[in-house]
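# Examining the three-dimensional arrangement
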Amino acid sequence: MLERGASLAALAGYAREAREGDGRLVLVAGEAGIGKSALVEQLRNDLPDARWSWGACDGLFTPRPLGPLFDLAGQLGGELDDLCRGGAAREDLFRALLRQVSERGPLSVLVVEDIHWADEATLDLLRFLGRRLRDVPVLLIATYRGEDLAADDPLRAALGEIARQRSTRRVDLAPLSAEAVRILADGTGLDAAELYRLTSGNPFYVTEVVRAGFGAVPPSARDAVLARAARLGGGSREVLDVAALTGARVELGLLESVTACPPAAVDEVLASGLLAEDGGWLRFRHEIARLAVEQAMPPRRRVVVHARILAALGVLGCEDDARMAFHAEAAGDRAGVLHHAPRAARQAAELGSHREAAAQFERALRCAPAADPAVAAGLYGGLAIELLLVGRFQGAVEAGEQAVRLWRQAGDRLREGDTLRHLSWALQQLGRGPDSVAAGEAAVAVLEPLGPGTELAWAYASLASARMVNSEHQAAVDLAVRAQVIAEPLGAVNALSDALNTQGCSVAHMGGGEWTGYLLRALDVALSAGLHGQAGRAFANLYSCHADQRRFAEAERYFTDGVAYCEEHDAGSHAAFLRGERTVALERTGRWDEAVALSTELLADLSSLYRLHPLHVLGVIRARRGEPGAWEYLDEAAERADACAEPQWIIPVRLARAEVCWLQGDPHRAAHEAELADDAQVGSDGWERGAIAVWLRRTGSPRPPRGELPGPCRRQLAGEWAQASRDWASLGCPYEAALALHDAGDEAAQRQALELFAGLGATAAAQLTRHKMRTLGIRSIPAGPRTQTQADPLGLTRREREVLKLICAGHTNAEIAAKLVISAKTVDHHVSAVLAKLGAPTRRAAAAHAARLGLAGTPTAPR
């Protein structure tokens, strides 16, 4: 515990807070060998009256989904253990764990180690618990290595979400100092300076060298481990080798079955310090040690040992198909892989661990080159679905095409058609609209001769969605109705809700008045059947369609209820869509600070199409405020929108670019961008048509408007600017109201526009209005005030400066909300914007940066 006093004290403090009913999720981070487990074990020694339960993620093989939860269940027993044994749904397991550890009694401490190896479902469990710990006496500690996480590692996104929860705290462990290494090396005869230079202060490496008794420092921790292993006798070394190929932990009974070792051999391994006893299990003291032993084994010997482990697990009745599949593949047992890997894949999929399910299908396919076409088709089809669910769309398309070919070869028309339907969806995600429609039409053509069935209902529903995305709304409605006619009598509620969702959106785009009824029924069907994805989609569409029609007050409930529902049920993609749509509504209603804060927060976490709304919102607001960097956002937005080739994304991005060109005094380029939006408006709704028509006119394009336009846009084009401005104001769109007045030619309208722009902080638009006023010969034009944001060296708004000052004073978001009389969610957005503008990863870093610049008083430690 050298140099770990502050970290240990922090953990003890979080334990006290949890004991008092303010639950904590603590992320303990550090490189391999830094002492994360040792720190937590010391805390256990310091809290003997707490109720401790441990789970761990294993990096040796594709993990069993929710492995840590099953570890915890075995220790906690009771309802959770019963549900685990009964194969309950994961949501029931999550809730049972929370109920059980929230019971009155001693403090519950849950430890989940090595979450850098966690499966998707385990990450979802941490998200679930993190949102619900604030009022329960539970301390949840999760350890992980953060230094080697890839940019797209799911743990990064999970950590971002978890870190925003009020209950979350973080402890980062640093390497030992040269002085600490000197203390450890004292009396060993080792050169302390050389030991520090080679180990960089890594505690595991240092202690392994000291324990190995070297006269000189070995070049790596691996060498130190193997030096200790080399001193073991033959039977003991066999125990160590088998343990290394079994995983981070190994059952004592399994070791005895595989090695037939006498108790003395196990005792010798334990005495060496390489393994430690943990109940009826043995575990390596560190993964570095296990890897060193595993890698030192000759490959042929590893194959033999894996085969013996597989046989022993079979005799012992092991039900963990993921574990069995791993050993079967390592042993070269193809039949074993084809038996266990698909079963493991299906189990993973049922628990929501889709990355792990895909890995198991891939494992099975490696062992099935000459398999029966139907077997291989099933594996490719399963792989395609799982890859689709984890966003690996190109891989999903390739696997789907293989499955279609093999099902056709096997003569199974039903599965061929159903696989074509999934292939259509994957192609749609890649932005290959025409190919998606073609695959959807092929699915219908294959399935229709087979008669009504769930597969045909889904084929109609999927093709309807593809048509809708392609702005072919009447065709989408017709297909959605056909899907409902089949789905409802069959009780295929998932397909029914999907079709109703699509029908509602397409009717809304066509200007029909009954669209809300379809979407509300889609939501009701989904909620009644517990279809979280379809319910999330319905909430997202209800909010989006209301906001698109500028019915912001009605939209609000669907945003609030939708986000709460999606977070409760882990429908993350729909929550992301809702928040993306929210940025547009905030921009349209003049709540620009909130729009910037939320957009900045979303861009830190989101990828793919979900980035488009935040990108174009940040671009236009920066340009309106006269801030630099607008094109950085708008260029990425255009690239992404053009790649997906969907009008719903192309139109707003091109109109945003047209506005920015206009604001920057480039009307010709502005007209070109507006015409690109006009080119994309196939099947657009009235508000899209109206926005395009207004910007075509404003930028001087000769193109005429198309179709029926909503009132404010129609009045602007007719020269009724004052009434158009009043219409926009009544809808809650102050910037559009100001633009309508700017388009007018009279002095009163210009002065009113200038006042509205100034109130919004739209300095660039205000400058254009002043220029127009001078051109019209208007005198006594109000000068542009030097706003606080313009004067601020970091571009902070007045509200953001207030928030920064309170961050520096060490206040929590809840305390800031109370002091400024705003919502905690709004504070979250402001904090995100402040961190982004300061380029600071944490509140503490933001406070330190502000102190260096003299922007706030001397900061205390932000909480």
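Residues numbered from 1 in each chain as written. Predicted model: local features only at pLDDT ≥ 70, side-chain atom pairs only at ≥ 80, totals over all residues. Heavy atoms only, no water.

Judged by pairing direction, the sheet is parallel, and its five strands sit side by side in the order 2-3-4-1-5 without closing on themselves. Only two strands of the sheet have a single partner each, and these edge strands are strand 2 (51-56) and strand 5 (168-172). Each adjacent strand pair in this sheet contributes to an overall mean axis angle of 20°, direction not counted. Taken together, the five bridges between strand 1 (residues 24-29) and strand 5 define a ladder with parallel strand orientation. Looking at the pairing, Leu-27 lines up with Arg-170 of strand 5. (Pairing = 2+ DSSP bridges. Helix = DSSP H or I, 4+ residues; strand = E, 2+ residues; numbered from the N terminus. Axes fitted to C-alpha atoms, helices over the stretch in contact; angles between N-to-C directions.)

Within a regular strand, the side chains alternate between the two sheet faces. With respect to burial, strand 4 (residues 138-144) is a largely interior element, seven of its seven residues being buried. Residues Val-138, Leu-140, Ala-142 and Tyr-144 line one face of strand 4 and the alternating positions Leu-139, Ile-141 and Thr-143 line the opposite face, and both faces are buried. Two elements, strand 1 and strand 4, share six bridges in a ladder whose sense is parallel. By the bridge assignment for strand 4, Val-26 is matched with Ile-141. (Buried < 20%, exposed > 50% of the residue type's maximum accessible area, 1.4 Å probe, protein only.)

Moving on: helix 8 (residues 178-185). For helix 8, every residue scored as buried is listed here: Ala-180, Val-181 and Ala-185. Along the axis of helix 8, the buried positions cluster into a sector of 135°, meaning they face one direction only. Buried residues along helix 8 sit in contact with helix 9 (192-199) and helix 10 (203-212). Positive backbone phi, at 85°, marks Gly-187, one or two positions downstream of helix 8. (Arc of directions from axis to C-beta. Contact = heavy atoms within 4.5 Å.)

Turning our attention to helix 20 (residues 373-389). The end-to-end C-alpha distance of helix 20 is 24 Å, a good match for the 24 Å that 17 residues give at a rise of 1.5 Å each. Taken together, the buried positions of helix 20 are occupied by Ala-376, Ala-377, Leu-379, Gly-381, Gly-382, Leu-383, Ala-384, Glu-386, Leu-387 and Leu-388. Tucked into the core, helix 20 has its buried residues touching helix 18 (334-350), helix 19 (354-366), helix 21 (393-410) and helix 22 (413-429). The residue sitting at the N-terminus of helix 20 and contributing the capping side-chain oxygen is Asp-372; that oxygen lies 2.9 Å from the backbone nitrogen of Ala-374. Following helix 20 by one or two positions, Gly-391 has its phi on the positive side, about 85°. (Expected span 1.5 Å × (residues − 1). Polar contact = N/O pair within 3.5 Å; in protein donor to acceptor, adjacent residues only side chain to side chain.)

Take the pattern of salt bridges next. Under the criterion given, the structure shown has 61 salt bridges. Asp-22 serves as the salt-bridge partner of Arg-166, at 3.5 Å between the closest nitrogen and oxygen. Of this pair, Arg-166 sits in the loop between helix 7 (154-163) and strand 5 while Asp-22 sits in the loop between helix 1 (5-19) and strand 1; the two residues are 144 residues apart in sequence, bridging distant segments of the chain. Salt bridges here are not isolated pairs; linked through shared partners, they connect Asp-635, Asp-642, Arg-654, Arg-657 and Glu-673. (Salt bridge = Lys/Arg side-chain N within 4 Å of Asp/Glu carboxyl O.)

Right, let's get into the packing of aromatic side chains. For the structure shown, the criterion picks out eight aromatic pairs. For the ring pair Phe-539 and Tyr-565, a centre distance of 5.7 Å and an interplane angle of 45° mean the geometry is tilted. Remark: Tyr-565 occurs in helix 29 (residues 552-568) and Phe-539 occurs in helix 28 (residues 532-548); sequence separation between them is 26 residues. No difference in accessibility class separates Phe-539 from Tyr-565, as the two residues are buried. Considering the side-chain rings of Trp-687 and Trp-728, the 5.9 Å spacing of their centres and the 55° angle between planes classify their relative orientation as tilted. Here Trp-728 lies in helix 38 (residues 721-731) and Trp-687 lies in helix 36 (residues 686-698), a separation of 41 residues in the sequence. Like Trp-728, Trp-687 is buried. Among the aromatic residues, those joined into a cluster by ring pairs are Trp-592, Tyr-735 and Phe-757. Positioned over the ring face of Trp-631 is Arg-669, at 4.4 Å from the centre of the ring. (Phe/Tyr/Trp six-rings, centres within 6.5 Å; stacked < 30°, edge-to-face > 60°. Lys NZ or Arg CZ within 6 Å of the ring centre and 35° of its normal.)

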